[in-house]
Amino acid sequence: MTPPPARAAYASKVLVVDDDPEVRAAVEDALSVEGHLVRGAADGHRALTAVARWEPDLLVLDVKMPVLDGLAVCRRLRAAGDRTPVLVLTALDSVSDRVDGLDAGADDYLVKPFALDELVARVRALLRRAAPDTTGPGGPEADGDALSYGDLTLDTRTRTGERAGRRIEFSRTEATLLELLLRNAGQVLPRELIHEAVWGRDFGPDSNSLAVYVGYLRRKLESGGEARLVHTVHGVGYRLGSP
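Residues numbered from 1 in each chain as written. Predicted model: local features only at pLDDT ≥ 70, side-chain atom pairs only at ≥ 80, totals over all residues. Heavy atoms only, no water.

Just checking my understanding: could you explain the overall build of the chain for this structure?
Along the chain, the regular secondary structure elements total eight helices and 13 strands. For the chain, the proportion of its 243 residues judged to be buried stands at 47%. Put simply, 61% of the contacts in the chain that link residues at least 6 apart link residues at least 24 apart. Carbon and sulfur atoms provide 49% of the accessible area of the chain, an area that totals close to 11300 Å². (Helix = DSSP H or I, 4+ residues; strand = E, 2+ residues; numbered from the N terminus. Buried < 20%, exposed > 50% of the residue type's maximum accessible area, 1.4 Å probe, protein only. Contact = heavy atoms within 4.5 Å. Areas by Shrake-Rupley, 256 points an atom, 1.4 Å probe, with all protein chains shown as cover.)

Would you mind showing me how to read helix 5 (residues 116–130) here?
Because the α-helix completes a turn every 3.6 residues, residues three or four places apart line up on one side. Taking 1.5 Å as the rise per residue, helix 5 with 15 residues should run 21 Å; its terminal C-alpha atoms sit 21 Å apart, in good agreement. Where helix 5 is buried, its residues contact helix 1 (21–34), strand 3 (58–62), strand 4 (86–90) and strand 5 (108–111). (Expected span 1.5 Å × (residues − 1).)

Before we go on, may I ask you to explain the sheet that holds strand 13 (residues 237–240) in this structure?
Either a parallel or an antiparallel arrangement is found when strands of a sheet pair, and the pairing is made through backbone hydrogen bonds. Reading across the sheet, the three strands line up as 11-13-12 and stay open at both edges, with antiparallel pairing between neighbours. Pairing within the sheet leaves two strands with one partner each, and these edge strands are strand 11 (189–190) and strand 12 (230–233). Relative to strand 13, strand 12 is paired through four bridges, and the arrangement is antiparallel. From the neighbouring strand, Val 230 faces strand 13, where its bridge partner is Leu 240. Together, strand 12 and strand 13 form the strand contacts of helix 8 (residues 209–221), whose direction differs from that of strand 12 by roughly 145°. (Pairing = 2+ DSSP bridges. Axes fitted to C-alpha atoms, helices over the stretch in contact; angles between N-to-C directions.)

Got a minute to help me understand the environment of Arg 129 in this structure?
Topologically, Arg 129 is positioned in helix 5. Using a relative accessible area of 26% as the deciding quantity, one classes Arg 129 as partly exposed. Taking the C-alpha atoms as reference points, Arg 129 and Ala 197, 68 residues apart in sequence, are found 9.4 Å from one another. Not counting residues within four places of it along the chain, the set of residues in contact with Arg 129 comprises Asp 107, Thr 176, Ala 197, Val 198, Trp 199 and Gly 200.

Looking at this model, I keep getting lost on the pairing of strand 3. Mind explaining?
The side chains of a regular strand alternate between both faces of the sheet. Within strand 3, five of the five residues are buried, leaving the element largely enclosed by the surrounding structure. Neither face of strand 3 is open: one carries Leu 58, Val 60 and Asp 62, the other Leu 59 and Leu 61, and all of them are buried. Bridge analysis of strand 1 (residues 13–17) against strand 3 gives four bridges, and the strand direction is parallel. Across the sheet, the residue bridging to Val 16 is Val 60, located in strand 3. Alignment of strand 3 against strand 4, held across four bridges, turns out to be parallel. Across the sheet, the residue bridging to Val 60 is Leu 87, located in strand 4.

Would you mind showing me how to read the confidence of the model for the chain here?
Close reading of the predicted structure is inappropriate where its pLDDT is low. Per-residue confidence for the chain gives a mean pLDDT of 83, with 85% of residues at or over 70. In this model, residues 2–10 is a region of pLDDT below 50 whose contacts with residues beyond four sequence positions or in other chains number 20 contacts. For residues 133–140, every residue scores under 50 in pLDDT, and the model assigns this stretch 17 contacts once sequence neighbours within four places are set aside. (pLDDT = per-residue confidence, 0-100.)

Explain unusual backbone geometry to me, please; I cannot follow it from the model alone.
Excluding glycine, residues mostly carry a negative phi; peptide bonds, for their part, are mostly trans. A cis geometry characterises the amide bond from Lys 112 onward to Pro 113, with omega recorded as -5°. Counting through the fold element by element, Pro 113 comes out in the loop between strand 5 and helix 5. With a phi close to 75°, Val 67 is a non-glycine residue in the positive phi region. With respect to the helices, strands and loops of the structure, Val 67 is situated in the loop between strand 3 and helix 3 (70–79).

Sorry, what's going on with the packing of helix 6 (residues 172–183) against helix 7 (residues 191–199) here?
When two helices pack together, you describe them by how their axes are tilted relative to each other and by the distance separating the axes. Remark: helix 6 packs on helix 7, axes separated minimally by 10 Å, with the N-to-C direction vectors making an angle of 130°. Classified by the interaxial angle, the pair formed by helix 6 and helix 7 is oblique. Judged by the sense of rotation from one axis to the other, the crossing of helix 6 with helix 7 is right-handed. Here helix 6 contributes Thr 173, Thr 176, Leu 177 and Leu 180 to the contact with helix 7, which in turn contributes Leu 193, Ile 194, Ala 197, Val 198 and Trp 199. Residues that form the contact of helix 6 with helix 7 fall into these classes: seven nonpolar, two polar and no charged. (Parallel < 35°, antiparallel > 145°, perpendicular 65-115°, else oblique. Left-handed = near helix turned anticlockwise from the far one by under 90°. Nonpolar A, V, L, I, M, F, W, Y, C, P; charged D, E, K, R; others polar.)

I keep staring at helix 6 and nothing clicks. Help me out?
A rise of 1.5 Å per residue sets the reference length of helix 6, with its 12 residues, at 16 Å; its end C-alpha atoms lie 16 Å apart and thus fit the reference within 8%. Helix 6 sits mainly inside the fold: 10 of its 12 residues count as buried. Those residues of helix 6 not exposed but buried are Arg 172, Thr 173, Glu 174, Ala 175, Leu 177, Leu 178, Glu 179, Leu 180, Leu 181 and Leu 182.

Structure representation (structure tokens):
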């Protein structure tokens, strides 16, 4: 793994979880050089304990671990309402493996072996997306942290919303995707643009990660029988708006 260049950065708390001590040490060193406060854990149970006690800003989480694997850790965190950003490390690179990670609630993934500078960049991007939005209002209708379209509202700070009076909680990735669609309501957004804006990279034409998350949004937005708001534009991408 190629060491990354040193960069100045604000200190965020990052928990690195990997049962391979050499990989864990290398990642910890790279993130420490970047300016983050870093702790390590060797298995999933220790990771959950560290999350509860230390409250990290981000997890770098290996998938294949003894005792409790990374996807199980991610599922437990999301089931408990913990929305801490998770970067999954995996030796598997099939589409189904990537989808499994995203379905478990991971925000991004990196395939082993990887360059440490890419890992540092992914961590930086996830922390940037998780930071409070201080750029001001935007979108079709905005009031501070709130965006709205028709009977749908989204609070970008708390990642909660309402539709037709129904309260909805969104995962970090769901909220990021919905915010992008709301801020560009009525416009067709290409898949490649959405991939870059939400995940920081284009997964390629064979990936169905975006379709999976659009499905999640639709189920939450339409669970009360409401009309569809997120529309597929075949061969191009997605649009939020009236039919």
